[in-house]
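Coordinates in review
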Amino acid sequence: MNKECRQLEALLSEYTDGSTSVGEAARIEAHLAGCARCRETLRDLRRLKAALANLPPLRPPAGLKMRIQEQAGAAGLITKQPRYRLRPTAGWVLAAAACLLLAILLVTGLGPATAPLTDSSAEMKDIFHDLRNAETLYLNAIDRMDQLAALKMNEMPPQIRQTFETNLALINQTLAESRTYVLENANNPRAWEHLLAAYQKKVEFLSLIIETDLS
Amino acid sequence: MGALAGQPNQDAICGMRLLAGKDDIAFSQKIASGDARAFEEFYDRFATRLFSIAFRLCGDAGLSEDMTQEVFLHLLRKIHLFNGQASLSTWLYRVATNFYISYLRSYRPKQYPHESEESLHKHLDQKSSQQSSTLHHRLDLERCLAQLPDGYRTIIVLHDIEGYKHEEIAEMLNISPGTSKSQLHHARMKLRSLLQGVEP
């Protein structure tokens, strides 16, 4: 990189934003004509700017709304809403029993290696922090894939669609179980391993749906 | 230029680009009155973007959840100040962004790293530029964004994602527009090098 490259590179960001003066722009353009390295930098900066501008919004976690409502209600910022109470019915009892059974199966299936870690070293905290971030990003990516897959499934013949829907429901069920297990065992690496593997499965399956050739 | 000391800069809040409609004013008054249904609508309309800004400013899922919770409480306390000189969304994103910046300053004092030109070029020279043609897978981009030093990330989020101008950023961060421009350049170059590092 020569001296002129160094001087002009500092202006490439502004050039990307279209905010250089006419004189600066002319100088940059003259330099770019003979410098492949700066052309590449400019191309990367333009791509980066476009990619950043097109980042999709991230979905806030479930339950956040309710927590804010409770806090705002307690602070007198909003009027408190009546809480919805679920009346226990035979269906609810059966569902609760099924959940309990699934939880027991899940815990038993994972075996002794699932004991929560007691190691609270800074490194482990970093790892769990990264895992939580990874989950947020996974969830948002999957949201978008879900939408694409739903559009694609609408175009499918009913029989094929039903097969996909059945399998997707199974994957979603596994995902929900893994998610519950992580919520209860946030510091257990095996729990995270299962959850991220479940996300991976869903991504693979959604990709299969989206890429299915209907012609 | 007003300093940010936990409160949104009222001068900065004024002078917005879009004027509010009557609906915005009526809606804000409903929220300010404590109407629970209005709050629900308020949350549904704005929570996603407010959470996104928080997440990208701090790079931490747990912290961004706390920040989003706090910002909603802050907005509920301040919404009576909305005077219709800007659209409601413009006003509240600005108030929220100011709040996040103050929050993060008190949470962990921000540093604005200023790598020397030398070290920046040295860093870039060590990376292969041939990989740069396949940049910007979204997840890589999010991950690298989270890896940026706090000051760089803040500038990128405010300018390139949220679309604030250097003059507005300067006001929010209490720096000069020139510093904002040069920090943005350093931040983009750093992000570029991080992205090149994660490409296969």
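All of the points below concern the structure found in this document. The model shown is predicted, which means the values in this text are computed figures rather than measured ones. (Residues numbered from 1 in each chain as written. Chains lettered and ligands numbered in written order. Predicted model: local features only at pLDDT ≥ 70, side-chain atom pairs only at ≥ 80, totals over all residues. Heavy atoms only, no water.)

**Here we look at the interface of chain B and chain A**
Counted only if it meets this: Contacts are residue-level and defined by heavy atoms, with any inter-residue pair within 4.5 Å sufficient. Here the buried area means the combined drop in accessible surface, using a 1.4 Å probe, for two parts upon being joined, counting both sides. Any Lys or Arg side-chain nitrogen located within 4 Å of an Asp or Glu carboxyl oxygen qualifies as a salt bridge. Every helix listed is a DSSP run of H or I at least four residues long, and every strand listed is a run of E at least two residues long, numbered separately from the N terminus. Note that Gly is not counted as nonpolar here; it falls among the polar residues with everything else outside the nonpolar set of Ala, Val, Leu, Ile, Met, Phe, Trp, Tyr, Cys and Pro and the charged set of Asp, Glu, Lys and Arg.
Taken together, the contact between chain B and chain A spans 53 residues of the former and 47 residues of the latter. Of the roughly 4,700 Å² buried at the junction of chain B and chain A (both faces included), carbon and sulfur atoms supply 60%. Linking chain B to chain A there are five salt bridges. Of the charged contacts, one joins Arg192 of chain B and Asp44 of chain A as a salt bridge, the two residues approaching to 2.8 Å between their closest N and O atoms. Counting residues per element, the ones that place at least two in the side of chain B that touches chain A are α3 (36–58), α4 (61–78), α6 (117–126), α7 (138–147), α8 (150–161) and α10 (177–198) of chain B. With 11 residues, α3 of chain B is the single largest residue contributor to the side of chain B that touches chain A. Residue composition of the side of chain B that touches chain A, by class: 22 nonpolar, 16 polar and 15 charged.

**A word on the side chain of Ser52 of chain B**
For clarity, the threshold we go by: Here's how the labels work: a residue is buried when its accessible area is under 20% of the maximum for its type, exposed when over 50%, partly exposed in between, all with a 1.4 Å probe on protein chains only.
Its location among the elements puts Ser52 of chain B in helix α3. Since its relative accessible area comes to 3%, Ser52 of chain B is described here as buried. Apart from residues lying up to four places away in sequence, Ser52 of chain B is in contact with Pro57 and Leu58 of chain A.

**Side note on the pattern of salt bridges**
Applying the stated criterion across every chain, the model contains 20 salt bridges over all chains. Salt-bridge contacts for Glu142 of chain B lead to Arg56 of chain B; the nearest nitrogen and oxygen are separated by 2.5 Å. Note that Glu142 of chain B is positioned in helix α7 and Arg56 of chain B in helix α3, a separation of 86 residues in sequence. Both residues of the pair, Glu142 of chain B and Arg56 of chain B, count as buried. A salt bridge links Glu168 of chain B to Arg94 of chain B, with the shortest nitrogen-to-oxygen separation between them at 3.6 Å. Of this pair, Glu168 of chain B sits in helix α9 (residues 166–173) while Arg94 of chain B sits in helix α5 (residues 88–107); the two residues are 74 residues apart in sequence, bridging distant segments of the chain. No difference in accessibility class separates Glu168 of chain B from Arg94 of chain B, as the two residues are buried. Linked by salt bridges that have partners in common, Asp17 and Lys49 of chain A together with Asp160 and Arg188 of chain B make up one network.

**Quick word on the nonpolar core**
This is how the line gets drawn: Working definition of a nonpolar core: buried Ala, Val, Leu, Ile, Met, Phe, Trp, Tyr and Cys residues. They are joined through side-chain atoms within 4.5 Å.
Core analysis: the biggest nonpolar cluster contains 62 residues, and Leu52 of chain A together with Phe42, Leu50, Phe72, Leu92, Tyr100 and Leu191 of chain B have the highest contact counts within it. If sequence neighbours within four positions are ignored, Leu52 of chain A has contacts with Leu141, Leu145, Ile156, Asp160, Ile161 and Leu191 of chain B. In this structure, Ala149, Trp192, Leu195 and Val203 of chain A belong to the second largest nonpolar core, which totals 24 residues.

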